[in-house]
Amino acid sequence: MDTSPFYEIQPGIIWDARVAWDLSLGGLGVGAFLLAFLLWCLADRRYRPLAQTAAVIAPVAVAIGLTLLFSKLGYKFHVYQMGLNFAPTSIMWWGALLQGAFVGLSAIFAFRLLFPNFSLLDWLSARLVGWVAVPLAVLTGLYHGVLLAVISSHPLWATGQMVIASVLLFMITGSAGALLVHMIRIALLGARSEEGSLKDYWAGLRPLVLVMLVSTALLLVTLLAWWIDLRFGPTRDQEVITAVLATYGSLITLAITALIGALALCVAALLAGLRGRSLPAFATAILCVLMLGGGFAIRYVAVLGGQLNLPISTLATLS
Amino acid sequence: MSDKRYAMVIDLHRCVGCAACDIACKSENNVPVEFHWSNHIIETTGTFPDTRYNYIPTLCNHCENAPCVTNCPTTAMHKSEDGLTLHDPDKCIGCRLCQLSCPYGVIWFNKEDPHQNFMRDSEPAIPGGTSTGQEVAQAADAPIPYYNPARATTYQGIRDRGMVEKCTFCDHRLAVGEDPACVIACPADARIFGDLNDLESPPSKALAKYTPRVLQRDQGTKPHVFYIRNFNK
Amino acid sequence: MTDQIPTSKHDDAWQISRRGFLQGSAGTVAAAAGGPALSLFSTASAQAQPAEAAGKWMPSTCQGCTSWCPVQIKVVDGRAVHMRGNPLAKANHGKICPRPHLALQQVYDPDRVRQPMKRTNPEKGRGKDPGFVPISWDEAMDMLADKIMELRDAGEPEKFALFRGRYTYLRDILYSAVPKIIGSPNNISHSAICAEAEKFGPYYVEGQWDYRDYDLEHTRYVLCWGADPVSSNRQVPHAINFWGNMSDNATVAVVDPRLSATAAKADEWLPVIPGEDSALAVAMAHVILAKGVWNKAFVGDFIDGENRFVVGQTVDESQTTVPVFNEIHTHGVVQWWNIELKDRTPEWAAERTGIPAEQIRRVALGFAAAGSRAISWLSPGASMQARGGYSSMATHALNGLVGSIDAKGGVVAKVKDPTGDIPDLTAYQDELAASHSKYDKIDQRGTLAFPSLNGGKSGGGVVTNAAADGMLAKSPNEIKVAIAYWSNFGFSTSGSYRWEQALSELPFFVHLTTNASEMSMFADLVLPAAHQLFEKWGFVKNKQNLHSYVSLNQRVLEPLWDVKQDETEVPFMLAEKLAERGFDNLYRYYTEAFADPETGAAPTNGEEFTESALKMLTRGCWDSTHPDYGRYGDRLEGWEDFKAKGVWNSHRYEYGQRIDNFATQTGKVEFYSETLKAALQGHADRHDTTVDKVLEATNYVGRGELAFVPHFEPALRHGDEAEYPFIFFEHRSRLNREGRSANCTWYQAHKNVDPGDENWSDVLKMNPVDADALGLHDGDRVKVTSTTGSITVQLKRWEGLRPGTVAKCYGQGHWAYGRVAAANFAEHVPLGGNNNEILYPEFERLSGSTARHGGQSRVKVERV
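Residues numbered from 1 in each chain as written. Chains lettered and ligands numbered in written order. Predicted model: local features only at pLDDT ≥ 70, side-chain atom pairs only at ≥ 80, totals over all residues. Heavy atoms only, no water.

1. What about the packing of aromatic side chains?
- Under the definition given, this model contains 64 aromatic pairs over all chains.
- A ring pair is formed by Trp93(A) and Trp94(A), whose centres lie 5.1 Å apart and whose planes are at 75°; its orientation type is edge-to-face.
- Take Trp94(A): its relative accessible area is 41%, and that puts it in the partly exposed class.
- Pairing Phe572(C) with Phe609(C) gives two aromatic rings, centres 5.2 Å apart and planes at 35°, and the pair type is tilted. (Phe/Tyr/Trp six-rings, centres within 6.5 Å; stacked < 30°, edge-to-face > 60°. Buried < 20%, exposed > 50% of the residue type's maximum accessible area, 1.4 Å probe, protein only.)

So, in structure tokens, the structure goes:
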């Protein structure tokens, strides 16, 4: 028996890889900002250069992501309409406001960190701007998940895991991204005098590694929960997860392998730290790359895979 | 403030699955051939000789709780006071979030310039003997030769590249006291259209007489397109 | 305003102007960019006001199928923009099916022929570029007139032929007058590729060589024989509109090898093995008689009331001089039983038809239980078969058994209309024409193997598809000059390769057509025809919903291109050209015999001629001085009123007026057809042979008395089962405008409304059981080969047909016609495949019909 309902809807992916890039870069940006702010508030002065790097990454990454998103708009000249119209039920409208504000504030924050002696408008201090931007950053990070999670017609998206994964992803990729860029900066420009020896430097960042380790582990658990929810959910959920695994199975395997690898390196780093040693720089770099790559792959699969195979069997359900 | 609540009831027992609605809609609304504001789901089930064929006509459900409206970042997609779900191209940024949000697949996006078969067709089958699409449009003095200007009284006559578009329950026809084109075009009189706030209206009566169903009730969208009876026996 | 035509794909002016149009700000954009092409569409502003956009609804007629519905076109600024039914029509009561909407894409089809073209490549054949170049009408008609004069001058005008496909009832101005006045017998219509076998049965049962009408409003049982009334078959929108209410009150049973749209909604689907319909029909008749449930008020009864129709037993009438059966309105029921029915049990039929005996019994009894409110709905599917003459009779005879012929809720006929015929033309035939136009026709009608018994007369009807064989054999004579209009026999005839060959050999061929179709590719001249719905004057007559009607084809648009009306303007131009060459008979006929009925003025040009001819032939509808005015229906108030309303409606049909007055030999409904007996005997006498020999020559297996009763005939198939394992059958599309709509994108984009079909494709449907055995999947490209030819199409697995059969819709597989219908127009590559390339050129010879149905060709299916 061949049974397949047919319903011609617009073919093709509606939100393409550019959206995955936007969400990834956005997550990286807010994650980097939070790292910068925490380092700036809590950590020793020698971590200031890392904080600077992270602070610069934040507005740049989010802005690049937004630009990619903008490039995807069908009718770009109307983008100002988001500002003219009050659309409080739209997560995307809130997201535009949040991200717009965040880019501005995080840019000022980065400026203050880079040029602490610049005196114009000095009431816009790093502290003030930072404290205002922190909730924005968290909300933006949440937004990257909620945007898709409210689309109830797409079973892969309409899950709590979508939001949780989004938060965990910004924590992982923000840190990994900032570290990686900073390592590149050091490699290219040399370390700042106040940074001290690299060995000590890494040892001092143990809490960060711990955060990355826990987040990665939680992310893997979230992915598992995501799969369970769909696999054992209603028919349409099962159809979607089957389609996603069929299409993106190898990419998902790769992503999970990368994350597990990163997890292992985190453990290795912590164990090394306990023995007073530290990971070689290239291993740290690999760790960061694995996290960024794995994180992006998850975003990519979530965005594109979520649009696969709108379940027509339930679409045709009359009740 | 209008007190209307427009709705459509589709009597599947009367429907014969001929798609006159689909084609008339394209003609009335200048819809590109690739798009189906008025559409259908078909399904063959069972094993020979116990085979069943089913046909469900679809269109924008003009949901009371429309996710495309909820999620639109510019209010381009909005509810009219008559309960229609309408799209304002002046506000549309082409983000396609409405398309993603709609559980029914009834929103279409103009990736390219619409009506390429007339707008972009420049090589004739037989030079000198037959025409190009552009020449026909030119000779007819319209962007597509069968262009219906009535559509442009309440919406873009032809929607721009970069815009989404969808069924409007033919709001331009409602504005001049006519039923939607698909309702008129249905040779089976399977489409019952009117105002649900009027308890004596044909759709109100049909909903009272039969058990109405909607597509994907669990989505909580509260559609204004209802289905009664069955396509097959 | 339209001084610049953007031609390049990247023409900026075009894009800017288009955008301006879309935005409704053409003025500002034009001002800003300052190009002359920018105000192209200033007449149709996007800020259109409702009043301007309202346009005007103008009446015409849709001839997309043979329902011929009165329709209206919304015309805005001289453009057609939308379609609806004519609300004044009682036949389709303001409803239209999908087809009229598609017509918008036909009239504005870029691939229409826009100007006369002549061939520059003398070599003719499929795949050869004709090298068409545009010429003027004047030059084209000069060429044609010269060729006709050559024939006349050589004293061989019979070598002229005129082929007609679809038509309006102005047809005889071209079809009849031109060949007859020139002096040729060879006017060949398409009727025999259409449905003549469908008329054969009703004629020899109740004396009507015509299609029937059906009282859907009052019926209680509809038994469709291959008929798919909600998709096709002569009253589509009316049937669609009544079907829902009807099936609330009636049982619907559909005999069709395919799960058709009607079958999908039916109570009973009987997926008969193709070609075995007659077995099913006689088994149902057997059940009705054996169970004693025939309509006794109509047929009569055994005198003593005892049912002597006992399975396997002959009713013995020899014992007594008094008849045992008192037959009332029918003739020969006992003979039918004795000669054919007594052994035709449902169990016997189940073996042949694949339909369970129980279902046969259930349907037969349900049908009979509806009494006279039952319809046995015959269609081409069950009759246009190699041995379909008798299935046509058998299926229609069921109506006789239940007394539904001419009954409320049953099968009825047309109401008279007051239209007329063209004036007598014999006075305009010179001696050459008078004698040569009586020569034998090219289509072989009346030869031993082609009785073609239209109206009971040997050779009474056309054998369209045999004309190609006649041309190839140059028998009875060669054809040197031919005109074909509104037809495409190179596509629409089974064994279409024979037409390709015959047309390749034809020295001078003129194709009068809207699109450069398959037939055009063999033409020396291609003449652009006006579109029937929008650009042409004419009238049709038909019946639906118990009303006959006359509907006008009207020119509601000024054509965009240099097209002419095929049935009037073109012959008038030809008449003028012939007169210039010293032969003015046709011109005199047209101008003298077709004076305007109101003013008496003689027409001076093609347009005047068209109008005066149309007025003349329809006068009874609108002219109060006409003797038939108001007699049969509407009293229209003059010609202008007719044009404004577009339709004349008859009174409603009155039941029962024909009973005992049927046009059969006995005046009764004949189960034993004395009418057919006389016709067959007449044909046998003509050839000095016996009826049995006639049956042998016409491929029938029945002999003796069987010839005169509806009886079972086994399906005829071409191809050995071992080599060609599948029975191929075809069906119609609810979107087909008689095979002319495949070039419309709307057709392609909605093709899946034919159950089992796919959009933008032309699929071969195969049961998944067979597909699994062959390892075939959806979308696989497969080569379908019969003994006749092969086509390559996509495969579709579908449960809507029986294992062992494969099916494909007719209408696609064009290798010409246009750039949508053909995959590659220039290279003659079809989109899909034309069924007629794999269907054997088989005939139902008693009616002259082309036997396209009944699974006449076996095929093999291979993955490409």
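Read on for the rest.
2. As for the interface of chain A and chain B
- Each partner contributes to the interface: chain A provides 45 residues, whereas chain B provides 54 residues.
- Carbon and sulfur atoms make up 55% of the surface buried where chain A meets chain B, a total of about 4000 Å² over both sides.
- Counting the surface chain A buries against chain B, the share from its top three residues, Tyr7(A), Gln10(A) and Leu318(A), is 18%.
- Counting across the interface, chain A meets chain B through zero salt bridges.
- Every element with two or more residues in the side of chain A that touches chain B is listed here: β1 (6-7), α3 (81-84), α4 (91-114) and α11 (312-315) of chain A.
- Residues belonging to the side of chain A that touches chain B are distributed by class as follows: 24 nonpolar, 16 polar and five charged.
- Of the strand pairs in this sheet, β1(A) and strand β2 (residues 39-45) of chain B are connected by two bridges, and their pairing is antiparallel. Following the sheet pairing, Phe6(A) is matched in β2(B) by Ile42(B). (Contact = heavy atoms within 4.5 Å. Buried area = accessible area lost by both parts, 1.4 Å probe. Salt bridge = Lys/Arg side-chain N within 4 Å of Asp/Glu carboxyl O. Helix = DSSP H or I, 4+ residues; strand = E, 2+ residues; numbered from the N terminus. Nonpolar A, V, L, I, M, F, W, Y, C, P; charged D, E, K, R; others polar. Pairing = 2+ DSSP bridges.)

3. What to know about the sheet that holds strand β28 (residues 805-809) of chain C
All names here are of chain C.
- Pairing is mixed around the closed barrel formed by six strands, whose spatial order is β24-β28-β25-β27-β26-β33. Each strand axis lies, on average, 45° off the axis of its neighbour in the sheet, ignoring direction.
- The pairing of strand β25 (residues 763-766) with strand β27 (residues 790-797) spans four bridges and is parallel. Pairing of Leu-764 across the sheet is with Leu-795, part of β27. (Axes fitted to C-alpha atoms, helices over the stretch in contact; angles between N-to-C directions.)

4. Section: the pattern of salt bridges
Residue and element names in this part refer to chain C.
- Counted under the stated rule, the structure contains 74 salt bridges over all chains.
- Between Asp-142 and Arg-581 there is a salt bridge, and its shortest N-O distance comes to 3.0 Å. Pair noted here: Asp-142 is in helix α5 (residues 137-153) and Arg-581 is in the loop between α23 (569-580) and α24 (585-593), with a separation of 439 residues, a long-range link.
- The closest approach of N and O atoms between Asp-430 and Arg-152, which form a salt bridge, is 2.2 Å. With Asp-430 in the loop between β16 (411-412) and α19 (431-436) and Arg-152 in helix α5, this residue pair connects regions lying 278 residues apart in the sequence.
- A residue is classified by how much of its surface remains accessible, and Arg-152, at 10% relative accessible area, is buried.
- Within this structure, Asp-138, Asp-142, Asp-146, Lys-577, Glu-580 and Arg-581 form a network of salt bridges that share partners.

5. Topic: the interface of chain B and chain C
- In this complex, chain B contributes 81 residues to the contact, which on the side of chain C involves 87 residues.
- Of the roughly 7200 Å² buried between chain B and chain C, counting both surfaces, carbon and sulfur atoms make up 58%.
- Of all residues in chain B, Phe48(B), Gln138(B) and Tyr146(B) give up the largest surface area on contact with chain C, accounting jointly for 11% of the area buried on that side.
- Counting every contact that joins chain B to chain C gives five salt bridges.
- The residue Asp121(B) makes a salt bridge to Arg819(C) at a minimum N-O spacing of 2.8 Å.
- Inspection of the chain B/chain C interface yields 35 residue pairs in polar contact (both at pLDDT 80 or more).
- Secondary structure elements with two or more residues in the side of chain B that touches chain C: α1 (20-29), β2, β3 (52-58), α4 (116-119), α5 (133-140) and α7 (181-185) of chain B.
- Residue contributions to the side of chain B that touches chain C peak at eight residues, all from α5(B).
- Considering only residue class, the side of chain B that touches chain C consists of 42 nonpolar, 23 polar and 16 charged. (Polar contact = N/O pair within 3.5 Å; in protein donor to acceptor, adjacent residues only side chain to side chain.)

6. Overview of the packing of helix α9 (residues 196-206) of chain C against helix α18 (residues 388-401) of chain C
Residue and element names in this part refer to chain C.
- Two elements in contact, α9 and α18, have axes separated by 7 Å at closest approach and are oriented at 55°. Here α9 is positioned oblique relative to α18, judged by the angle of their axes. Relative to α18, the crossing made by α9 is right-handed. Contacts from Ala-197, Glu-198, Phe-200, Gly-201, Pro-202, Tyr-204, Val-205 and Glu-206 in α9 reach Gly-389, Ser-392, Met-393, His-396 and Ala-397 in α18.
- The residue inventory of the contact of α9 with α18, partitioned by class, reads seven nonpolar, four polar and two charged. (Parallel < 35°, antiparallel > 145°, perpendicular 65-115°, else oblique. Left-handed = near helix turned anticlockwise from the far one by under 90°.)

7. Re empty space enclosed by the protein
Residue and element names in this part refer to chain B.
- The final tally for this structure, using the stated rule, is 17 cavities of 30 Å³ or more.
- Volume-wise, the second largest cavity comes out at about 110 Å³.
- Residue lining of the second largest cavity: 15 residues in total, with Cys-15, Gly-17, Cys-18, Cys-21 and Cys-186 positioned closest to the centre.
- When contributions to the lining of the second largest cavity are tallied by element, the ones reaching two or more residues are α1 and β3. (1 Å grid on protein atoms, 1.4 Å probe; cavity = no way out; pocket = protein on both sides within 12 Å on 5 of 7 lines; lining within 4 Å. Points joined across faces, edges and corners; volume = space filled by probe spheres on them.)

8. As for the confidence of the model for chain C
All names here are of chain C.
- Scored by pLDDT, chain C comes out at a mean of 94, with 94% of its residues at no less than 70.
- Every residue in residues 1-46 scores below 50 in pLDDT, and together they form 81 contacts with partners more than four places removed in sequence or on other chains.
- Confidence metrics for the complex model read pTM 0.94 and ipTM 0.98. (pLDDT = per-residue confidence, 0-100.)

9. Some points on the side chain of Thr216(A)
- Within the secondary structure layout, Thr216(A) lies in helix α8 (residues 206-231).
- Non-local contacts of Thr216(A), meaning those with residues more than four positions away in its chain, are made with Ile172(A), Leu259(A), Leu263(A) and Met291(A).

10. Brief notes about the pairing of β2(B)
All names here are of chain B.
- Among the seven residues that make up β2, five are buried, leaving the element largely enclosed by the rest of the structure.
- Sheet topology places β2 next to β3; seven bridges connect them, and they run antiparallel. In the strand pairing of β3, Ile-41 is matched with Ile-56.
- In sequence, β2 turns back onto β3 through a hairpin of six residues, with Gly-46 there showing a positive phi of about 85°.

11. Side note on helix α28 (residues 674-686) of chain C
Residues and elements named next belong to chain C.
- Compared with the 18 Å implied by 1.5 Å per residue over 13 residues, the 18 Å span of α28 between its first and last C-alpha is a close match.
- Close packing links the buried residues of α28 with α9, α18, β23 (669-670) and α29 (691-697).
- Asp-688 lies just past α28 and shows a positive phi near 55°. (Expected span 1.5 Å × (residues − 1).)

12. Describing the pairing of strand β24 (residues 726-731) of chain C
All names here are of chain C.
- Counted residue by residue, β24 has six buried out of six residues, so it is predominantly covered.
- Taking every second residue as pointing to the same face, both faces of β24 are buried, with Phe-726, Phe-728 and Glu-730 on one and Ile-727, Phe-729 and His-731 on the other.
- In the sheet, β24 pairs with strand β33 (residues 857-863) via three bridges, with the strands oriented antiparallel. Bridge pairing in β33 places Phe-728 opposite Ser-857.
- Pairing geometry for β24 and β28, over five bridges, is parallel. The residue bridging His-731 from the neighbouring strand is Cys-809, located in β28.

13. Let's talk about a nonpolar patch on the surface
Residues and elements named next belong to chain A.
- On the surface, Phe-111, Leu-114, Phe-115, Phe-118, Leu-120, Leu-121, Trp-123, Leu-128 and Val-132 cluster together to form a nonpolar patch covering roughly 870 Å² of accessible area.
- Contributions of two or more residues to the nonpolar patch are made by α4 and α5 (126-149).
- On the secondary structure map, Leu-114 appears in helix α4.
- Judged by its relative accessible area of 35%, Leu-114 is partly exposed. (Patch = residues over 30% accessible without salt bridge, like charges linked within 9 Å, V, L, I, M, F, W, Y side chains within 5 Å. Areas by Shrake-Rupley, 256 points an atom, 1.4 Å probe, with all protein chains shown as cover.)

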